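In case you want the letters, here they are:
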Amino acid sequence: MQKADSDSRTLNRFCDILNCFSKETSVLTLTEISRCVGLPKSTTFRFIEALQSQGILNADPHSHGYRLGYQLISWGSLAQDSIDIRNDAAPFLNELTEKTGETSVLSMRFGNVGTWIEIIESRQPVRLNPKVGQSLQLHAGASSKVLIAFLPDKLLNEILSGMRFEKYGKNSITDVEEFKKELQLIRNQGYATSFEETDIGAMGIAAPVYNHLHEVIAGIGIVAPMLRIPPEKMKEFAPVVVDAARKLSRRLGAL
């Protein structure tokens, strides 16, 4: 049991190191990674060496830092091919974009991070530009918040304890107690909303997608400029998003 606990902690440390990287911080030094995971440099370096040996991290030739390795591209491609939910969601995403005129998105949670796994772009000349595979911090944005709002309390508390409530947009929630109130609101109304939580002038609406065990496994929603969907128009679009999520949930076997 002790070895199993040790192995679990080691795996969690590896994941913590990988989660330090983002689109904005694609190269990190040993000092930066050490600070991010809260470990001494010597310990952090041993983990980095192990990740390098498997091609998961690479030393950046132009700096004294590290970047994500090519092995992750291989795994990412395999994961993308194996996610059948993308095919199941396609008609509902297309319908959602057709009905709203906005970009529709499908998100999933992987540990303490969310990811957009499918996107149907709006045909509007002015639109947001989300990317498939883009990481989503779970406390900011409708597509992120909806992924954890409906989780069992025990799992939710475990995730919250490992989250860093950083400020990404002017309305990002950075206090855990305030965030818990936001999650309760999402549960009560059945969908999540966001206005400038991640980007200036951006809004989002997302609803939970359930599987046959009535577990939330994804979120489906729209992202748009607030010029077209300000807060006062949100209730016109929310039922359309919720309907798309219910249709996909039924496709996946939810009652």
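Shown above is the structure to which this text applies.
Residues numbered from 1 in each chain as written. Predicted model: local features only at pLDDT ≥ 70, side-chain atom pairs only at ≥ 80, totals over all residues. Heavy atoms only, no water.

1. A few points about the sheet that holds strand β1 (residues 28-29)
Right, on to step 1. Reading across the sheet, the three strands line up as β1-β3-β2 and stay open at both edges, with antiparallel pairing between neighbours. This sheet does not close on itself; its edge strands, each paired only once, are β1 and β2 (57-59).
Right, on to step 2. Relative to strand β3 (residues 65-68), β1 runs antiparallel, the two being bridged by two bridges. Pairing of T29 across the sheet is with G65, part of β3.
Right, on to step 3. Packing against the sheet, helix α3 (residues 41-53) makes contact with β2 and β3, and its axis sits at approximately 100° to β2. (Pairing = 2+ DSSP bridges. Helix = DSSP H or I, 4+ residues; strand = E, 2+ residues; numbered from the N terminus. Contact = heavy atoms within 4.5 Å. Axes fitted to C-alpha atoms, helices over the stretch in contact; angles between N-to-C directions.)

2. A word on the sheet that holds strand β5 (residues 113-120)
Right, on to step 1. The strand order β6-β5-β4-β9-β8-β7 describes an open sheet built from six strands, whose pairing is antiparallel. Both edges of this open sheet fall to β6 (135-137) and β7 (192-195), since each of them pairs with a single strand only. Averaged over all adjacent pairs, the angle separating strand axes in this sheet is 30°, with direction ignored.
Right, on to step 2. Pairing of β7 with strand β8 (residues 202-210), which is carried by four bridges, proceeds in the antiparallel orientation. If you follow F195 over to β8, its bridge partner there is M203.

3. Examining the side chain of S143
Right, on to step 1. With respect to the helices and strands, S143 occurs in helix α6 (residues 142-149).
Right, on to step 2. Owing to a relative accessible area of 7%, S143 belongs among the buried residues under this scheme. (Buried < 20%, exposed > 50% of the residue type's maximum accessible area, 1.4 Å probe, protein only.)

4. Topic: the state of the cysteines
By definition, a disulfide is the covalent link that joins the sulfur atoms of two cysteine residues.
Right, on to step 1. Using the criterion set out here, one finds one disulfide in the structure.
Right, on to step 2. Paired by a disulfide, C20 and C36 hold their sulfur atoms 2.2 Å apart. Torsion about the S-S bond of the C20 and C36 cystine: about -105°, corresponding to left-handed handedness. Of this pair, C20 sits in the loop between α1 (2-18) and β1 while C36 sits in helix α2 (residues 30-37), placing them 16 residues apart in sequence.
Right, on to step 3. The exposure class of C20 is buried, given its relative accessible area of 9%.
Right, on to step 4. Accessibility expressed as a relative area gives 26% for C36, which makes it partly exposed.
Right, on to step 5. The structure places no disulfide on C15, whose sulfur is separated from the nearest cysteine sulfur, that of C20, by 11 Å. (Disulfide = S-S within 2.5 Å.)

5. Structural notes on the environment of V27
Right, on to step 1. Structurally, V27 can be placed in the loop between α1 and β1.
Right, on to step 2. Overall, the relative accessible area of 27% leaves V27 in the partly exposed class.
Right, on to step 3. With 195 residues separating them in the primary sequence, V27 and I222 have C-alpha atoms 31 Å apart.
Right, on to step 4. Those residues in contact with V27, other than ones at most four positions away along the chain, are E32, D60, S63, G65, Y66 and R67.

6. Overview of unusual backbone geometry
Right, on to step 1. The backbone phi angle of E196 is positive, close to 55°, even though this residue is not glycine.
Right, on to step 2. Counting through the fold element by element, E196 comes out in the loop between β7 and β8.
Right, on to step 3. The exposure class of E196 is buried, given its relative accessible area of 12%.
Right, on to step 4. Despite not being glycine, H214 has its phi angle at roughly 60°, a positive value.
Right, on to step 5. Tracing the sequence through the fold places H214 in the loop between β8 and β9 (216-225).
Right, on to step 6. On the basis of relative accessible area, H214 is assigned to the exposed category, the value being 53%.

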